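Tertiary structure, described
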Amino acid sequence: MDHIKQGQGEDSYFYLNYSNSNFPKKGKIPPQALDLEQAIIGAIMIDKKGLDEVIDILYPEVFYKKEHQDIFNVIKKLYHNSQPIDLYTVSNELKSSEKLNSIGGEIYLIELTQKVISSAHIEYHSRIILQKFILRKLISISSDIIKKCYEERTDVFDLLDKAESNLFEINQKYLITKKYENTHTLVKKAIDKIKESAKNGLSGISSGFKKMDDITSGWQNSDLIILASRPGMGKTTFMLSMVRNIAMKQKIPVIIFSLEMSSIQLVTRLISSETGISSNKIKRATLSDLDWNNLTEKTKDLTNAPLFIDDTPSLSIFNLRSKCRKLISQHKVKLVLIDYMQLMAINNNNGFRFQNREQEISVISRNLKSIAKELDIPIIALSQLSRAVETRGGNKRPLLSDLRESGAIEQDADIVLFLYRPEYYGFKNWDTDKDNDTCIGQAEIIIAKHRNGILDKFRLKFISDQSKFINLEETKQPLLAWEEDYKKNILDKENFIEDYSNENFYNNENYNHYENENFLDEDSFDIEK
């Protein structure tokens, strides 16, 4: 090797000239800004206020030079211990940790303080250092991906997941900015939200269930809502009933991540709910001509609804975040539903192993809340309850302690809803009613946790064969085509003859009117005939 030459400019190179080669060998130096690193550390040692501006931006590993990493690590330690930060305290701390000589001694520390006169622009300089570090991380991740791509045994989907999780980790740790707002801005935002609520009646997205909206004022942005029950209670049906109210009636874009059922199965349930045709008839395709006409006419709204369904099995929290971002950006999605959270997975590429399923669910729950807050949308996640409900005596109403596998769900959720149908356990009447009302075909929604409101419960009508919940006061439902035809041609005639045959009919005040108008002519209309 004759000599080494370092290039100048934005891209740095080094050239190795060999005596036996006619062309120089060229290689790249990783992105770095050593002058700024020296300026930042020197500014912190002469003005501690500068550290207050960058403590949430910089980490020891962000610095390119190992000596600078060690110095900043000591500075951060002194900061967290509320000790003074200057040339002498940093030097003493490095000496006690036996790293003073490795960083170049006190002479190097003095040189750093002589390079600057104040901490002006330290935040701007720190962000440049951070950008250089992220570029180095991207190079490292990309190099690892390239290496894996050439290995025959590499699974392409595992590689994609690993790449995504590594990028997600960089974003989470180094790029999510911490927002600070004063009360002047926050009060204005709060008043604007109150005005919007007064104008629309609700401050959030209406669920379509009146009593639910009265209690919650709609599903609020950044909230994590947990809907839990035992299997068979109707969680998915309740979710689809809300989707029908939100996406079809209000035209609000919604995404369903279905980890349990296929997208076709969900849509089939929605068709049954919308048309009123029994789900069994749809499965068996035993439909009459009227049913087929009804199927064609009443699915138009469903066809045009802004509803998206993703039935990817074992969806990871990383994939969920990226898909939500894409849907919000491209389709303006306002609500996310997950069926159900215990089926989600965590792609762990760091070698860390969870001791039990409870820890894994805790991470999933915490990340769901993080996504809801980051993307500023409500997330409704369905969840299973433990078998403790079944073994408990009495009415078997669920409790917060019944949330399966993790108490973290209760902690992270803003709202916890329980779906309870006494009919499922063989009860025929409500145990809380003095009139002993029937509970057949009814469900109780229990709001067991409400971070920003009251706790309450209310009842809904459950129509199992049509896969839907409706408000209990909706007693009169619109008749289907075959029902209208049957009423018109059969029931009305039967009721008329029954009334005419009844002796009370002749005592009715309208009888004289019928008689005067010759409405009833015994010769032309003989009941005995």
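Overview of the structure. (Residues numbered from 1 in each chain as written. Predicted model: local features only at pLDDT ≥ 70, side-chain atom pairs only at ≥ 80, totals over all residues. Heavy atoms only, no water.)

1. Things to note about unusual backbone geometry
What you tend to see is this: most non-glycine residues have negative phi, and most peptide bonds are trans. Cis geometry is adopted by the peptide bond preceding Tyr-340, which originates at Asp-339 and carries an omega value of -5°. Of note, Tyr-340 is situated in the loop between strand S7 (335–339) and helix H16 (357–375). Phi at Lys-251 is positive, roughly 60°, even though this residue is not glycine. Topologically, Lys-251 is positioned in the loop between helix H10 (235–249) and strand S5 (254–258). Using a relative accessible area of 42% as the deciding quantity, one classes Lys-251 as partly exposed. With a phi angle near 50°, Ser-314 is a residue other than glycine that sits in the positive phi range. Mapped onto the fold, Ser-314 is located in the loop between strand S6 (307–310) and helix H15 (317–331). (Helix = DSSP H or I, 4+ residues; strand = E, 2+ residues; numbered from the N terminus. Buried < 20%, exposed > 50% of the residue type's maximum accessible area, 1.4 Å probe, protein only.)

2. Structural notes on the packing of helix H6 (residues 122–149) against helix H7 (residues 156–175)
Between H6 and H7, the least distance of the axes is 11 Å, while the angle of their chain directions is 170°. With respect to H7, the axis of H6 lies roughly antiparallel. Touching Leu-130, Phe-133, Ile-134, Lys-137, Leu-138, Ile-141, Asp-144, Ile-145, Lys-148 and Cys-149 of H6 are Leu-159, Lys-162, Ala-163, Asn-166, Leu-167, Ile-170, Tyr-174 and Leu-175, all from H7. For the contact of H6 with H7, a count of residues per class yields 13 nonpolar, one polar and four charged. (Axes fitted to C-alpha atoms, helices over the stretch in contact; angles between N-to-C directions. Parallel < 35°, antiparallel > 145°, perpendicular 65-115°, else oblique. Contact = heavy atoms within 4.5 Å. Nonpolar A, V, L, I, M, F, W, Y, C, P; charged D, E, K, R; others polar.)

3. Thoughts on the sheet that holds strand S10 (residues 442–450)
The nine strands are arranged S6-S5-S7-S8-S4-S9-S10-S11-S12 in an open sheet whose pairing can be described as mixed. Bordering the open sheet on either side are S6 and strand S12 (468–471), each of which pairs with just one other strand. The sheet shows a mean angle of 25° between the axes of neighbouring strands, direction not considered. Across five bridges, the pairing between S5 and S7 is parallel. Residue pairing for S7: Val-254 is matched across the bridge by Leu-335. Each of S5, S6 and S7 touches H15; the most contacted strand, S5, lies at about 155° to it. (Pairing = 2+ DSSP bridges.)

4. Examining a nonpolar patch on the surface
On the surface, a nonpolar cluster with roughly 230 Å² of combined accessible area is contributed by Leu-135, Leu-138 and Leu-167. The topology assignment puts Leu-135 in helix H6. A residue is classified by how much of its surface remains accessible, and Leu-135, at 40% relative accessible area, is partly exposed. (Patch = residues over 30% accessible without salt bridge, like charges linked within 9 Å, V, L, I, M, F, W, Y side chains within 5 Å. Areas by Shrake-Rupley, 256 points an atom, 1.4 Å probe, with all protein chains shown as cover. Salt bridge = Lys/Arg side-chain N within 4 Å of Asp/Glu carboxyl O.)

5. Notes on the packing of aromatic side chains
What the rule picks out here adds up to seven aromatic pairs. Across the ring face of Tyr-425, the terminal group of Lys-396 is positioned such that the distance to the ring centre comes to 5.9 Å. Between Arg-459 and the ring centre of Trp-430, over which it is positioned, the NZ or CZ distance is 4.1 Å. (Phe/Tyr/Trp six-rings, centres within 6.5 Å; stacked < 30°, edge-to-face > 60°. Lys NZ or Arg CZ within 6 Å of the ring centre and 35° of its normal.)

6. Remarks on the nonpolar core
Judged by nonpolar contacts, the single largest core of 87 residues is most densely connected at Trp-219, Ile-226, Phe-238, Phe-257, Leu-320, Ile-338 and Leu-368. With eight residues, H10 is the largest single contributor of residues to this core. Excluding anything up to four places from it in sequence, Leu-368 contacts Leu-224, Ile-317, Leu-320, Ile-338, Met-341, Met-344, Ile-379 and Ala-381. (Core = buried A, V, L, I, M, F, W, Y, C linked by side-chain atoms within 4.5 Å.)

7. Notes on the packing of helix H3 (residues 66–80) against helix H4 (residues 87–96)
It is at 10 Å that the axes of H3 and H4 come closest, and there the two elements cross at 110°. Taken as axis vectors, H3 and H4 run roughly perpendicular relative to one another. Between H3 and H4, the contacting residues are Asp-70, Ile-71, Val-74, Ile-75, Lys-77 and Leu-78 on the first element and Thr-89, Val-90, Glu-93 and Leu-94 on the second. Taken together, the residues of the contact of H3 with H4 sort by class into six nonpolar, one polar and three charged.

8. A short note on the pairing of S10
The element S10 is extensively covered by neighbouring structure, given that nine of its nine residues are classed as buried. Alignment of strand S9 (residues 415–420) against S10, held across six bridges, turns out to be antiparallel. In the strand pairing of S10, Ile-415 is matched with His-450. Relative to strand S11 (residues 456–463), S10 is paired through six bridges, and the arrangement is antiparallel. Its bridge partner lying in S11, Ile-446 is registered against Lys-457. Turn length for the S10-S11 hairpin, with the two strands adjacent in sequence and antiparallel, is five residues.

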